[in-house]
Amino acid sequence: MKGEILWITFFQILKFSQKKTNKASGGKQMAEFSFEIEEKLLVLSENDKGWTKELNRVSFNGAPAKYDIRTWSPDHTKMGKGITLSNEEFQVLVDAFKN
């Protein structure tokens, strides 16, 4: 009886944990994520599918906006890998190109 209860409890936990995971993340639980493009600064390039590589000021998860370089889908609902820079980091980059 104890073995059956233990097995049922294990199965219920396993079933519950599967609801809160994402296969694309290797079964890891996905955290809440939000972003807002606060200022569009520059489109660097565009590929055949309409995705653009852009320099923007983006706020992630409600944090203050940072400079951000990455690819975006045409409707800006999906993003590719990119890099974020603080104001100070961005200024170092700008200064390096001025010299």
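Chemist: Just to check I follow, could you spell out the packing of aromatic side chains for this structure?
Modeler: What characterises a pair of aromatic rings is the spacing of the ring centres plus the angle enclosed by the ring planes. Scanning the entire structure with this criterion turns up four aromatic pairs. For the pair phenylalanine 35 and tryptophan 72, a centre-to-centre distance of 5.3 Å together with 50° between the ring planes defines the contact as tilted. Within this pair, whereas phenylalanine 35 is found in strand β1 (residues 35-46), its partner tryptophan 72 is found in strand β3 (residues 66-72), the two being separated by 37 residues in sequence. Here the aromatic rings of tyrosine 67 and phenylalanine 90 are separated by 3.8 Å at their centres, their planes lie at 10°, and the arrangement is stacked. With tyrosine 67 in strand β3 and phenylalanine 90 in helix α2 (residues 87-98), this residue pair connects regions lying 23 residues apart in the sequence. Here phenylalanine 90 falls in the buried class, since its relative accessible area comes to 17%. The structure contains a cluster of three or more aromatic residues connected by ring pairs, namely Phe33, Phe35, Phe60 and Trp72. Over the ring of tyrosine 67 we find arginine 57; its NZ or CZ atom is 4.5 Å from the centre of that ring.

Chemist: For this particular structure, what's the right way to read the environment of tyrosine 67?
Modeler: When its relative accessible area of 18% is taken as the criterion, tyrosine 67 is described as buried. Tyrosine 67 sits 21 residues away from glutamate 88 along the chain, and the two C-alpha atoms are 10.0 Å apart. Discounting residues that sit within four places of it in the chain, tyrosine 67 has contacts with Leu41, Leu55, Asn56, Arg57, Ile83, Thr84, Leu85, Ser86, Asn87 and Phe90.

Chemist: What should I look at first to understand the pairing of β1 in this one?
Modeler: On a regular strand, one side chain projects to one face of the sheet and the next to the other, so that they alternate. As paired strands, β1 and strand β2 (residues 52-60) are joined by nine bridges and run antiparallel to one another. Its bridge partner being in β2, isoleucine 37 is matched across the sheet by valine 58. In this antiparallel pair of consecutive strands, β1 and β2, the connection spans five residues, and glycine 50 shows a positive phi of 90°.

Chemist: What is the right way to look at the environment of isoleucine 83 in this model?
Modeler: With respect to the helices, strands and loops of the structure, isoleucine 83 is situated in strand β4 (residues 79-85). Each C-alpha atom, one on isoleucine 83 and one on tyrosine 67, is 8.4 Å from the other, the two residues being 16 residues apart in sequence. Leaving out residues up to four positions away in the same chain, isoleucine 83 has contacts with Tyr67, Asp68, Ile69 and Arg70.

Conventions and cut-offs
- Counting of residues starts from 1 at the beginning of each chain's written sequence and follows it residue by residue.
- Reporting in this predicted model follows two pLDDT cut-offs: at least 70 for local features of residues, and 80 or more for side-chain atom pairs to be given and counted; totals over whole chains, interfaces and linings ignore these cut-offs and use all residues.
- By convention in this description, side-chain values take in all heavy atoms of the structure and omit both hydrogens and water.
- Stacked, tilted and edge-to-face are the three classes assigned to paired rings of Phe, Tyr and Trp, where Trp is represented by its six-membered ring and a pair needs centres within 6.5 Å; plane angles under 30 degrees give stacked, over 60 edge-to-face, the rest tilted.
- Helix and strand definitions here come from DSSP, where helices need a minimum of 4 consecutive H or I residues and strands a minimum of 2 consecutive E residues; each element is numbered from the N-terminal end.
- Think of it in three bands: residues with accessible area under 20% of the maximum for their type are buried, residues over 50% are exposed, and the middle band is partly exposed, with areas taken using a 1.4 Å probe on protein chains only.
- Think of it as a cone above the ring: NZ of Lys or CZ of Arg counts as a charge over the ring if it is within 6 Å of the ring centre and within 35 degrees of the ring normal.
- The contact criterion used is simple: two residues touch if any of their non-hydrogen atoms lie within 4.5 Å.
- Two strands form a pair only when DSSP identifies at least two bridges running between them.

By themselves, these are just geometric observations and shouldn't be taken as functional.
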